[in-house]
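# Descriptive structure summary
Listed below are the residues making up each chain.
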Amino acid sequence: MPKEPDFIHDLNEQQRRAVRHGEGPLLIVAGAGSGKTRVLTYRIAYLIHQNMAAPNEILALTFTNKAAKEMQERIGQLIGEEAKRLWMGTFHSVFSKILRYEAEKIGFNSDYSIYDTEDSKNAIKQILRENNYDPKEIKPRILQRRISDAKNELINPDHYGEKFVHSTLDDITARIYKIYVERLKHNNAMDFDDLLIKPIELFNEHPDTLEKYQDRFKYIMIDEYQDTNHAQYKVTNMLASKYENLCVVGDDAQSIYSFRGADISNILDFKSDYEDAVEIPLEQNYRSTKAILKAADSIIKNNSKQLDKTLWTDNDMGDTITVLDNYDERDEANRVANYIQDLKMRKGYDYNDFAILYRTNYQSRVFEETFRRKGITYQLVGGLSFYQRKEIKDVLAYLTLLINPEDDTNLMRIINEPSRGIGQKSLSDLMNRARQTGQSLWRILENVEEADVYKPAENSVKDFVRMINSLKQQLANGRSLVEVTKQLLDESGYMKSLVEENSPKSMTRRENILELQNAISYFEKNNDNATLSSFLQEISLITDTDKYDEEKPAVTMMTVHAAKGLEFPVVFIVGLEEELFPVGSRNNEDVNIEEERRLFYVAITRAEQELFFSHCRSRYKYGEEQRKTRSRFLDEVSSDVVRTETGSSINQDKNRFSGKKNSSPNNGDTKVEYDWKKPLYDKNNRSSHTQIHYDNPDEDPFQVGAKVIHNVFGQGKIIS
Ligand code: ATP
Ligand code: MG
């Protein structure tokens with residue numbers, strides 16, 4: 001074995017033990033910032049350096065594609081070019097690649113489409129209609145959620161039908177689930193969940209294929225193991241069962257995806273699954289000041305069950321954590337902005353040293369407005385991602401059709417987009433014919449003259465088929481992707497219709513499409529053998545978090561969920577109010593307070609040097625100003641590491657807190673009367689009135705459908 005590399009000395013004793021651990025299962029459960037990710041990175045580099053494994057024999061699974069890329073870059077710095085041959089990525093991206101090689105074995109072809117959540121919902125909606133359910137009554141979103149949960153629990157449609165039917169909705173779910181699975185297969189499409197469960201199916205049915213991948217991936221590493229779900233657990237167990245060289249790292253206190261089926265028992269079961277598993281603790285935190293760690297610890301202690309762990313740091317005590325007590329969300333954004341400018345000037349921070357973390361995406365809006373006004377550059381991570389925009393999804397649907405014409409869902413999306421005179425009636429005739437004959441919609445279109453539809457529609461269909469076939473031909477002839485895309489946009493009339501519409505919205509759409517062309521040509525330039533299929537696969541797995549750019553000189557704004565695994569010198573956790581963080585309503589038993597608390601723990605432990613908490617006394621909701629109480633979590637933080645700073649807009653106007661009724665001093669025009677001393681939800685005050693939000697003051701406000709806020713019952717809607 002070669003002499004140990006120098007980089008082994010970048011680690012502490014416990015970390016070195018984990019890195020040197022050779023064969024056999026290894027479990028690392030350790031607190032935030034203790035170097036779990038660093039250990040994985042160094043361990044991979046070490047195994048290669050010591051010739052214990054070739055790069056392509058190592059599989060590393062991370063929570064985001066971006067995390068994988070960073071890890072790979074770091075390994076590249078440690079051992080050089082070889083790092084390029086590692087298998088790294090999210091579960092979804094790694095398994096979608098494997099499925100592409102093996103698709104035929106499970107009845108798909110390698111150019112299968114990948115459906116995102118919206119595509120799945122559309123497919124479900126279509127199925128509901130075909131089966132005479134009203135998608136307004138039976139919500140596709142809810143069925144999609146239920147089907148997805150079932151899939152991740154590895155419950156197949158037959159099993160679901162037998163075991164889980166207790167209510168009408170269960171019954172419908174069972175029916176639709178079955179059809180949905182058949183439909184996707186028919187469409188040669190897989191949804192996100194399939195990317196995890198189809199490999200299990202593949203490996204179960206083809207032990208030789210399983211063995212091939214077991215031999216391929218001699219070493220498997222998983223980061224953020226606390227957030228794997230049952231399917232992920234299962235598939236990695238299958239892969240690791242031959243050599244048992246499975247190394248997982250995680251922190252039970254940071255498990256924040258149980259709503260997506262993440263299962264903490266995966267960590268707990270590890271030791272029983274692998275009896276000779278070695279467990280190594282990591283106890284030194286390198287990320288945060290003592291004050292920040294103390295705050296984190298005082299929070300998480302309030303949860304009932306946690307694994308035993310020690311976490312300490314050699315870092316300084318650091319500054320006290322500041323709680324910003326704000327008047328409202330504008331006040332909050334202003335004060336955060338002022339702090340950023342001040343810290344930047346006084347302590348020499350750059351904009352990219354700052355992060356603003358919130359519970360829900362919509363909270364970014366006021367920050368964005370304020371920052372724009374103050375000239376603070378920022379980057380927003382999350383929200384509607386570029387690839388989910390309508391126009392982008394349309395173009396991608398066209399492109400998908402060129403390689404996977406069996407995909408009815410994508411075909412339906414664009415067959416009359418832009419309008420080419422194929423009306424609803426003709427379409428549903430064609431679709432019915434497809435269902436009756438068991439053929440794909442595309443086959444029906446190809447032989448449209450047999451279908452007996454309205455003549456002008458028939459002609460349009462013929463033109464459409466001709467266009468798609470000619471584009472396919474050009475792809476086959478090796479014309480570049482970007483050229484084919486341009487021609488598609490031109491011949492389909494898609495660009496023309498945007499230009500003709502000539503609205504600000506259509507111009508933005510046009511720009512987005514041009515940006516997509518840039519993405520395609522970038523992809524072609526940077527990938528040897530770039531195919532349309534590989535392009536579509538790559539972009540369908542891009543997630544919001546992958547867009548975050550550390551180098552960009554800008555303040556980062558993101559949800560706490562998206563911030564997992566990251567670190568920033570200065571962190572602001574904003575909107576720390578009841579019903580926002582923790583999310584949900586006061587008496588809502590569905591809210592998982594322990595998970596919310598873990599989420600708060602994750603947020604706190606992102607901070608390296610300075611940490612701010614912030615909450616508002618009032619906040620706009622549904623156009624009404626609402627009183628807010630500070631989050632219970634703030635009261636749980638050890639009091640010796642925090643100090644509260646009440647905003648000047650609160651102090652200046654003492655009247656506002658004297659119990660008198662006052663108009664809102666908000667900068668906007670909206671005036672709301674409210675009483676600071678009287679709680680919004682006052683059980684003794686049942687006579688309190690209902691506030692109503694309406695756009696036209698001349699109308700009777702108490703109309704069916706109007707949104708109301710009742711002092712006792714909270715927000716609601718008039719139904720009768
Ligand atoms: P999280 O639970 O948030 O995912 P983690 O346990 O994965 O955290 P890392 O991100 O690997 O922790 O490490 C936290 C920080 O500490 C990183 O900046 C890392 O480079 C640094 N670090 C870890 N170990 C050491 C060490 N031995 N010497 C110096 N810095 C270290
Ligand atoms: Mg980590």
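Residues numbered from 1 in each chain as written. Chains lettered and ligands numbered in written order. Predicted model: local features only at pLDDT ≥ 70, side-chain atom pairs only at ≥ 80, totals over all residues.

An unreviewed UniProt entry lists the protein under the name DNA 3'-5' helicase, with Fodinibius salipaludis given as the organism. Word for word, the UniProt comment on the protein under Sequence similarities (unreviewed entry) is "Belongs to the helicase family. UvrD subfamily." (UniProt positions renumbered as here; feature names shortened; annotations may be inferred.)

## Some thoughts on the overall build of the protein
A tally of regular secondary structure across the protein gives 27 helices and 24 strands. Every one of the 720 residues in the protein was classed for burial, and the buried ones make up 40%. Looking at the protein alone, contacts between residues at least 24 apart form 74% of all its contacts between residues at least 6 apart. (Helix = DSSP H or I, 4+ residues; strand = E, 2+ residues; numbered from the N terminus. Buried ≥ 20, exposed ≤ 12 C-beta atoms within 10 Å, placed from the backbone. Contact = placed C-beta atoms within 7 Å.)

## Details of the site of ligand 1
Not every one of the 18 residues close to ligand 1 is listed here, only the nearest: Gly35, Lys36, Thr37, Arg38 and Tyr286. The leading source of residues in the shell around ligand 1 is helix H2 (residues 36-49), at three residues. Partitioned by chemical class, the residues of the shell around ligand 1 number three nonpolar, nine polar and six charged. (Near = placed C-beta within 6 Å. Nonpolar A, V, L, I, M, F, W, Y, C, P; charged D, E, K, R; others polar.)

## Notes on the sheet that holds strand E7 (residues 246-250)
Ordered by their spatial adjacency, six strands build an open sheet running E3-E2-E6-E7-E1-E8, and the pairing between neighbours is parallel. What marks the edges here is a single partner per strand, and that holds for strand E3 (87-90) and strand E8 (278-279). Strand direction decides the pairing type here: strand E1 (residues 26-29) and E8, joined by two bridges, are parallel. Of the residues in E8, the one forming a bridge with Leu26 is Val278. The strands touched by helix H11 (residues 230-240) within the sheet are strand E6 (219-222) and E7, with E6 carrying the most contacts at an inclination of about 160°. (Pairing = 2+ DSSP bridges. Axes fitted to C-alpha atoms, helices over the stretch in contact; angles between N-to-C directions.)

## A few points about the environment of Phe600
Turning to its location among the elements, Phe600 is positioned in helix H25 (residues 593-604). Not counting residues up to four positions away in its chain, the partners in contact with Phe600 are Ile299, Phe581 and Phe633.

## A look at the nonpolar core
Formed by 73 residues in total, the largest nonpolar core has its most connected members in Ile28, Ile44, Ala60 and Ile220. Ranked by the residues each element gives to this core, the list is headed by H2, at eight residues. Residues in contact with Ile28, not counting those within four places in the same chain, are Ala18, Lys36, Val39, Val249, Ile280 and Leu282. (Core = buried A, V, L, I, M, F, W, Y, C linked by C-beta atoms within 7 Å.)

## Re helix H12 (residues 265-273)
Residues of H12 that are buried: Asn266, Ile267 and Phe270. Buried residues of H12 fall within an arc of 100° about the axis and therefore sit on the same side. Among the exposed residues of H12, those pointing more than 90 degrees away from its buried face are Ser265, Leu268 and Ser272. The inward-facing, buried residues of H12 abut E1, H11 and E7. (Arc of directions from axis to C-beta.)

## Description of unusual backbone geometry
Cis peptide bonds are those with omega within 30 degrees of zero, and the linkage from Glu417 to Pro418 qualifies with 0°. Its location among the elements puts Pro418 in the loop between helix H17 (408-414) and helix H18 (424-437). The phi angle at Asn132 is positive, at roughly 60°, despite the residue not being glycine. Position of Asn132 relative to the elements: it lies in the loop between helix H5 (117-130) and helix H6 (140-152). With a phi close to 55°, Glu224 is a non-glycine residue in the positive phi region.

## As for the pairing of E1
Across the two faces of E1 the burial is the same, with Leu26 and Ile28 and Leu27 and Val29 all buried. Where E1 and E7 come together, four bridges link them in parallel fashion. What sits directly across from Leu26, in E7, is Cys247.

## Looking at the pairing of strand E12 (residues 354-358)
Working note: regular strand, side chains alternate between the two faces of the sheet. Of all five residues in E12, five are buried, a share of seventy percent or more. Covered by surrounding structure in E12 are Phe354, Ile356 and Tyr358 together with Ala355 and Leu357, the residues of both alternating faces. Two strands pair when backbone bridges link them, and E12 and strand E15 (residues 568-573) are joined in this way by four bridges, in the parallel orientation. Residue pairing across strands places Ala355 opposite Val571, the latter belonging to E15. Sheet topology places E12 next to strand E14 (residues 555-559); four bridges connect them, and they run parallel. Its bridge partner being in E14, Tyr358 is matched across the sheet by Thr559.

## Concerning the sheet that holds strand E19 (residues 642-646)
Across a sheet, paired strands are connected by hydrogen bonds in the backbone, their directions being either parallel or antiparallel. Across the sheet, seven strands lie side by side as E13-E14-E12-E15-E16-E11-E19; this open sheet has parallel pairing. Of all strands in the sheet, those with a lone pairing partner are strand E13 (378-380) and E19, marking the two edges. Neighbour-to-neighbour, the strand axes of the sheet open up by a mean angle of 20°, direction not taken into account. Across the sheet, helix H14 (residues 329-347) touches strand E11 (321-326), E12, E14, E15 and strand E16 (607-616), and the angle it forms with E16 is around 155°. Across the face of the sheet, helix H15 (residues 364-374) comes into contact with E12, E13 and E14 while running at roughly 155° to E13.

## Some remarks on the packing of H5 against H6
Contact geometry for H5 and H6: axes closest at 9 Å, N-to-C directions at 110°. In this view, H5 runs roughly perpendicular relative to H6, as classed from their interaxial angle. Classified by chirality, the crossing of H6 by H5 is right-handed. Side by side, H5 and H6 meet where Thr117, Ser120, Lys121, Ile124, Lys125 and Leu128 of the first sit next to Pro140, Arg141, Leu143 and Gln144 of the second. Grouping the constituent residues of the contact of H5 with H6 by class yields four nonpolar, three polar and three charged. (Parallel < 35°, antiparallel > 145°, perpendicular 65-115°, else oblique. Left-handed = near helix turned anticlockwise from the far one by under 90°.)

## Looking at the confidence of the model for the protein
Mean pLDDT for the protein: 87, with 88% of residues reaching 70 or above. Under a pLDDT of 50 for its full length, residues 653-697 has, in the predicted model, 56 contacts with residues more than four places off or in other chains. Reported confidences for the modelled complex are a pTM of 0.81 and an ipTM of 0.99. (pLDDT = per-residue confidence, 0-100.)

## Some words on the environment of Leu202
Summarising the element assignment, Leu202 is placed in helix H9 (residues 194-205). Accessibility expressed as a C-beta count within 10 Å gives 21 for Leu202, which makes it buried. When the C-alpha atoms of Leu202 and Ala103 are compared, they prove to be 8.6 Å apart, with 99 residues separating the residues in sequence.

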